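# Residue-level structure breakdown
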Amino acid sequence: MKPSRLFALLGGAAVAAAAIAAPAVAAPETVTIIHFNDLDRMGEKRGRGGVARLASVINAERAKGGHVLVTFGGDTISPSLMSGLDEGAHMIDLLNGLGLTAMVLGNHEFDFGPDVAMQRIAEAEFPILGANHRCADGEIVDGAEPSMMVDVGDFSIGILGLTTVGTEVKSSPGDCRFQDAAETAASVATGLRDAGADLVVALAHTDVAEDAELLAARSVDVLLSGDDHMLRTEYTGKILFAESGEQAEWVTLIDLKLDEVAKDDSTEFVWSAEYRVVDTVGVEPDATVAAAVQAYEDKLSEELNVELGTTTTELDSRRETVRSREAAIANLFADAIREATGADISMVNGGGIRANRIYEPGTVLTRRDIQSELPFGNKTVVLEVSGQDIIEMLENGLSQIEKGAGRFPHVSGISVTYDPGAEPGSRVVAVTRNGEPIDPSAMLKFAVNDYVAGGGDGYAMLKDRKRIVDEYSAILMTVQVFNYIASRGEIAPMLEGRLKLVN
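The following refers to the structure shown. All values reported here derive from a predicted model rather than from experimental measurement.

### Notes on the pattern of salt bridges
Counting across every chain of the model gives 19 salt bridges. Close ionic contact of D255 with R276 constitutes a salt bridge, the shortest N to O distance being 2.9 Å. In this pair, D255 is assigned in strand β15 (residues 250-263) and R276 in strand β16 (residues 266-279), connecting sequence segments 21 residues apart. According to the relative accessible area criterion, R276 is partly exposed, its value standing at 29%. Of the charged contacts in the structure, one is a salt bridge between D389 and R465, with a shortest N-O distance of 2.8 Å. Taken together, the residues span a long stretch of sequence, with D389 in helix α12 (residues 387-397) and R465 in the loop between α13 (450-453) and β28 (466-469) at a distance of 76 residues. Judged by relative accessible area, D389 falls into the buried class, the value being 7%.

Spelled out as structure tokens, the structure:
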């Protein structure tokens, strides 16, 4: 069987197929692909999503009989409340009960480093794919596979895994490096077709730009993506694309019809497709999986439903706030890690603050609140840096304000005046410490989370700086914040002019 022209049916609208000149040689087959992506929340939210509802969608399709493939577009072991305690082991355990065909490595699979990624892969009872990364030994992460082949009757479907190159700055992959997704897809897809694949599927955790390059390259037939948290299907004329939002709130089902027709003295593979998008708000959760989720929720509650103290001032952790301007809650976190480590200066990146809510004055803060705000399980390391490093760090942090980037810096121990209208790299106007301009040559103790210290979010200037407290000796940021609040009982974080716009 040889690959041929693409035939597709999207949203019920048929694309005309060329007339079949002769009876099919191989018996036609139908296979349903159930695709979801970006699932790190085990429970539902407002009656939608979660692992138990996803299980019901999968079970319903399997009950119909026929061929069913279940594909997961990556990002599961982080970030979540529970992952801060067990580094994502609970999600792999829950997913093991779903009978996945394959999962691709997402950037969040590396949030706790490559060693934890390997541990989670070893625990998985389903294939985990990733073709476009190489670690120090020149191989992909131990336990992962670049691709796989699935037989559907007389037909073969090749599936390859792709992970966004952005993992190098968005996560903590250690010495693993990520290659161009489109170039890798072209090479691996060719190998799969040579090995007999009639249809090639890219299971990808790739961003919008990478998706566009993969679609334009047309080296694969079906692109099942993740990373952008968008609910989107698309037909370009030569390729089918699907991404299913996030948290299994929606699940995309693709019914593929595989066929082979006689053409002259040879045969030709043809296929068509129909999409269905399931809104899980109308799906009854699977009872067995729901019980397993509840057991984890109960365990989590025991750990997190502990009161720490009261805030007498308003705390605003909304995404727009923490990624664009000084925020009292960010000052709280920066103060907590500076005090815990005895550092001269500390910084918290706005993208690490995630609960997206407002706490009214008088709110009693719990461990759950803090873990919700700081879900990545980051540790606080202490670096020896120069005043010039601090200036360069701030330039990076302020370089993408207009994009709402997560690198936006919140500080303790210094005050910064900046001009957001200036060119990136020239936005820092002044940095003062103890009321005096910072000395570029002075050596300082700097506390920051291990993600930023490792060069994440573009903070490459910190990656090679001397560790006073390294990642292996460091304490969880959340624990430091727990202790800071609990030791006071009452806190009153405020806007203090630590980040000031130039007049």
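### Quick word on the packing of aromatic side chains
Tallying each qualifying case throughout the model produces 3 aromatic pairs. A ring pair is formed by F155 and F269, whose centres lie 5.6 Å apart and whose planes are at 50°; its orientation type is tilted. Remark: F269 occurs in strand β16 and F155 occurs in strand β9 (residues 155-163); sequence separation between them is 114 residues. For R232, the ring lying beneath its charged end belongs to F241, and the centroid distance is 4.3 Å. The positively charged end of R488 is found above the aromatic ring belonging to Y484, 3.7 Å away from the centroid.

### Let's talk about the state of the cysteines
For the structure shown, the criterion picks out 1 disulfide. Covalently, C135 is tied to C176 through a disulfide, its sulfur atoms 2.0 Å apart. Judged by the torsion about the S-S bond (90°), the C135/C176 disulfide is right-handed. Note that C135 is positioned in the loop between β7 (133-134) and β8 (147-152) and C176 in the loop between α5 (167-170) and β10 (177-178), a separation of 41 residues in sequence. For C135, a relative accessible area of 14% translates into the label buried. Accessibility expressed as a relative area gives 0% for C176, which makes it buried.

### A short note on unusual backbone geometry
In this chain, S78 is followed by P79 through a cis amide linkage whose omega measures -5°. Mapped onto the secondary structure, P79 falls in the loop between β4 (67-72) and α2 (83-86). Positive phi outside glycine occurs at D227, with the angle close to 90°. Since its relative accessible area comes to 12%, D227 is described here as buried.

So, how was this worked out
Residues numbered from 1 in each chain as written. Predicted model: local features only at pLDDT ≥ 70, side-chain atom pairs only at ≥ 80, totals over all residues. Heavy atoms only, no water. Salt bridge = Lys/Arg side-chain N within 4 Å of Asp/Glu carboxyl O. Helix = DSSP H or I, 4+ residues; strand = E, 2+ residues; numbered from the N terminus. Buried < 20%, exposed > 50% of the residue type's maximum accessible area, 1.4 Å probe, protein only. Phe/Tyr/Trp six-rings, centres within 6.5 Å; stacked < 30°, edge-to-face > 60°. Lys NZ or Arg CZ within 6 Å of the ring centre and 35° of its normal. Disulfide = S-S within 2.5 Å.

Honestly, it's all geometry; don't read function into it.
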